[in-house]
Amino acid sequence: MISGIAWDKTTENELTQMGTAAAVATSAETHTPRRISILGATGSVGCSTLDLIGRDPERYDVVALTAHNNAEQLARVAVEHNAELAVLANPDGYEDLKSALAGTGTEAAAGPDALIEAVERSVDWTMAAITGCAGLQPTLKAVEQGTCVALANKECLVSAGDLFMKAVDRAGAQLLPVDSEHSAAYQAIDPGASTAIERILLTASGGPFRTWTAEKMASATLADALNHPTWSMGRKITIDSATLMNKGLELIEAFHLFPVEANQLDVVIHPQSILHCLVEYADGSVLAQMSSPDMRTPIAYSLAWPERMWAPTERLDLAKVGSLTFEAPDKDRFPALRLAQDAMMADNGTTTVLNAANEIAVEAFLEGRIEFARIAALVADTIDAALRDGIAKPETLADVFALDDLSRGLARSLLSDKS
Ligand code: NAD
Ligand code: MG
């Protein structure tokens, strides 16, 4: 059986690698093709995953590829990778997808139920790379298979972290973090010494506005905010990186993934994006993982785990990089980071509200309906309104979806009040 994440902070056990590698290693050694599905196959992470798979197609059988709306792109990658099935979450695109796949041998399906049925097809490995809380239900379905789930979607852990991690344990699934900082921490955590971890520091590039004044940031355009200095990513996470909300979401993600408490997690700005995470131990040792800022490294780690595979990324030339610099984040200019940190500390359901409000705010900014500075302000106002109305920590998934829904409603009404 393939194990859950390899440590248990609730019981304060030593980290134990729970005898898991065997199943995956056997498949890799005998070169039996691994059955894989990709949720969010047309996105930035999805495309990088397909890029790796396409370089060694004999090793993989592509089962299901999914996307939201883009029938043409989904059909193209499904044919290119000989997928069994292609699914659009939006049912409106079904006819386009069906005609694009006619005669190709790849089945077409669409709609939320079809998406869930696709995830239920038996696989060895699933990439969870849908963006936003929309990824929660399909990712949980993938977890229920009890095999490997490479987790790129961070919003599921922000919205429903405790419930999500319980589902991972129940299913005996192997969760492999794909977010570069979390992949780095996963690699730097010594399985025999989890109780000796004093602190985990996530690095952040600082985004395009690292050196901008608050006044200049207030009039930042969409193009300015999408101009990330080091990473190439989807639009939502790129805006989250400009507000530093992304780093806040990542702190909450790390809180659920790793054997530390909220006050042992922090952020350091590192503009070169070479060193992705630092794990500090009681004896003063700090272990870190470095690589060029290319998501194909953490994706390759999750794809080959527990082995390593070649990835077509730029090799680190430290002499060329010259210097690695670090600075403290400015939480006054980037209030989203403080909001996320406070929500994580509160541990009372506020992270679900934060995530929902942020999704609405980022969408409004991407659509040109609000200014950059209003993103964090709207999240703060939504949290205040939700706390005033009274919220409780979600105990069930139904609670999570209800709180997510309520928060989106609050954020939308606050948006229309001010616009
Ligand atoms: P993206 O916007 O490029 O792609 C998102 C994918 O999800 C697309 O295939 C899209 O069709 C699909 N999708 C979007 N909304 C959907 C919905 N409602 N239902 C079903 N499918 C839907 O996003 P991305 O940058 O690839 O990021 C994906 C996830 O990975 C996010 O949670 C992000 O935070 C996380 N992540 C991304 C990166 C990166 O480098 N891009 C790094 C770390 C973590
Ligand atoms: Mg990251």
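The structure under discussion appears in the preceding block.
Calculation notes
Residues numbered from 1 in each chain as written. Chains lettered and ligands numbered in written order. Predicted model: local features only at pLDDT ≥ 70, side-chain atom pairs only at ≥ 80, totals over all residues. Heavy atoms only, no water. Near = heavy atom within 4 Å. Polar contact = N/O pair within 3.5 Å; in protein donor to acceptor, adjacent residues only side chain to side chain. Areas by Shrake-Rupley, 256 points an atom, 1.4 Å probe, with all protein chains shown as cover. Nonpolar A, V, L, I, M, F, W, Y, C, P; charged D, E, K, R; others polar. Pairing = 2+ DSSP bridges. Helix = DSSP H or I, 4+ residues; strand = E, 2+ residues; numbered from the N terminus. Axes fitted to C-alpha atoms, helices over the stretch in contact; angles between N-to-C directions. Contact = heavy atoms within 4.5 Å. Disulfide = S-S within 2.5 Å. Buried < 20%, exposed > 50% of the residue type's maximum accessible area, 1.4 Å probe, protein only. Arc of directions from axis to C-beta. Patch = residues over 30% accessible without salt bridge, like charges linked within 9 Å, V, L, I, M, F, W, Y side chains within 5 Å. Salt bridge = Lys/Arg side-chain N within 4 Å of Asp/Glu carboxyl O. Donors = N, O, S within 2.8 Å, 3.2 Å for Na, K, Ca; no water. Phe/Tyr/Trp six-rings, centres within 6.5 Å; stacked < 30°, edge-to-face > 60°. Lys NZ or Arg CZ within 6 Å of the ring centre and 35° of its normal.

Draft legend 1. Broad picture of the site of ligand 1. The environment of ligand 1 is made up of 22 residues, and the closest members are Thr-42, Ser-44, His-68, Glu-155 and Gly-234. Gly-40 has a polar backbone atom sitting 3.3 Å from an oxygen atom of ligand 1. Here an oxygen atom of ligand 1 and a side-chain polar atom of Thr-42 are 2.7 Å apart. For ligand 1, the protein covers 87% of the area, taking 820 Å² as the surface of the free molecule. Classifying every residue of the shell around ligand 1 gives eleven nonpolar, eight polar and three charged.

Draft legend 2. View of the sheet that holds strand β2 (residues 60–67). Spatially, seven strands are ordered β4-β3-β2-β1-β5-β6-β7 in an open sheet, and the strand pairing comes out parallel. Strand pairing shows two members of the sheet lacking a second neighbour, β4 (107–110) and β7 (174–177), which therefore form its edges. Taken pair by pair, the neighbouring strands of this sheet meet at an average axis angle of 20°, ignoring direction. As defined by bridge partners, strand β1 (residues 34–39) adjoins β2 across five bridges and the pair is classed as parallel. Residue Arg-34 lies in a different strand from β2, and its bridge partner there is Tyr-60. Strand contacts of helix α4 (residues 94–101): β3 (85–88) and β4, with the helix running at about 175° to β4, the strand carrying the most contacts. Across the sheet, helix α5 (residues 112–120) touches β1, β2, β3 and β4, and the angle it forms with β3 is around 145°.

Draft legend 3. Unusual backbone geometry, seen in detail. For the bond from Trp-305 to Pro-306, the omega torsion is 5°, close enough to zero to count as cis. Within the secondary structure layout, Pro-306 lies in the loop between α13 (296–304) and α14 (318–321). Positive phi outside glycine occurs at Ser-273, with the angle close to 50°. Positive phi values are uncommon outside glycine, yet Asp-347 reaches one of about 50°. Topologically, Asp-347 is positioned in the loop between α15 (335–346) and α16 (350–366).

Draft legend 4. Here's a closer look at the state of the cysteines. This model, assessed by the stated rule, comprises zero disulfides. No disulfide involves Cys-47; its sulfur sits 19 Å from the nearest other cysteine sulfur, which is in Cys-156. No disulfide involves Cys-156; its nearest neighbouring cysteine sulfur is the one of Cys-133, lying 7.6 Å away.

Draft legend 5. A look at α5. Where α5 is concerned, the buried positions are Ala-114, Leu-115, Ala-118 and Val-119. Buried residues of α5, viewed axially, fall in a sector of 140°; they line one side. Away from the buried face of α5 by more than 90 degrees, exposed residues Asp-113 and Glu-117 are located. Where α5 is buried, its residues touch β1, β2, β3, β4 and α6 (136–144).

Draft legend 6. View of a nonpolar patch on the surface. A cluster of nonpolar side chains, namely Met-290, Leu-316 and Leu-318, defines an oily patch on the protein surface of about 230 Å² accessible area. Mapped onto the elements, Leu-318 comes out in helix α14. Taking the relative accessible area as the measure of exposure, Leu-318 reaches 41% and is therefore partly exposed.

Draft legend 7. Looking closely at the environment of Ser-232. Looking at where Ser-232 falls in the secondary structure, it is placed in the loop between α10 (222–226) and α11 (235–243). On the basis of relative accessible area, Ser-232 is assigned to the exposed category, the value being 65%. Sequence separation of Ser-232 and Val-45 is 187 residues, and the distance between their C-alpha atoms is 9.9 Å.

Draft legend 8. Up close: the coordination of the magnesium ion (ligand 2). Protein coordination at the magnesium ion (ligand 2) comes from Asp-179 (OD), Glu-181 (OE) and Glu-250 (OE), with a distance range of 2.1 to 2.2 Å. All donor residues of the magnesium ion (ligand 2) come from one chain, and their arrangement in sequence is D-x1-E-x68-E. One end of the pair, Asp-179, is in the loop between β7 and α8 (180–188); the other, Glu-250, is in helix α12 (residues 245–257), and 71 residues separate them in sequence. Each member of the pair, Asp-179 together with Glu-250, is buried.

Draft legend 9. Representation of α11 in the model. Burial analysis of α11 places seven of its nine residues in the buried class, which makes it a mostly covered element. Taken together, the buried residues of α11 touch α7 (155–171), α10, α12, α15, α16 and α17 (372–389). Just beyond α11, the residue with positive phi is Leu-244, at close to 70°.

Draft legend 10. Seen up close, the packing of aromatic side chains. Applying the stated rule across the entire model yields four aromatic pairs. Centre to centre, the rings of Tyr-186 and Tyr-301 are 6.3 Å apart; their planes meet at 70°, and the pair counts as edge-to-face. Here Tyr-186, found in helix α8, pairs with Tyr-301, found in helix α13; they are 115 residues apart in sequence, far enough to count as distant. With respect to class, Tyr-186 is no different from Tyr-301; both count as buried. Residues Phe-209 and Trp-212 carry aromatic rings whose centres are separated by 4.6 Å and whose planes lie at 55° to one another, so their mutual orientation is tilted. The buried category is assigned to Phe-209, whose relative accessible area is 0%. Taking relative accessible area as the criterion, Trp-212 reaches 18% and is therefore assigned buried. Put simply, the rings of Phe-209, Trp-212, Phe-365 and Phe-372 touch in pairs and so form one group of aromatic residues. Between the NZ or CZ atom of Lys-216 and the centre of the ring of Trp-212, over which it lies, the distance is 4.0 Å.

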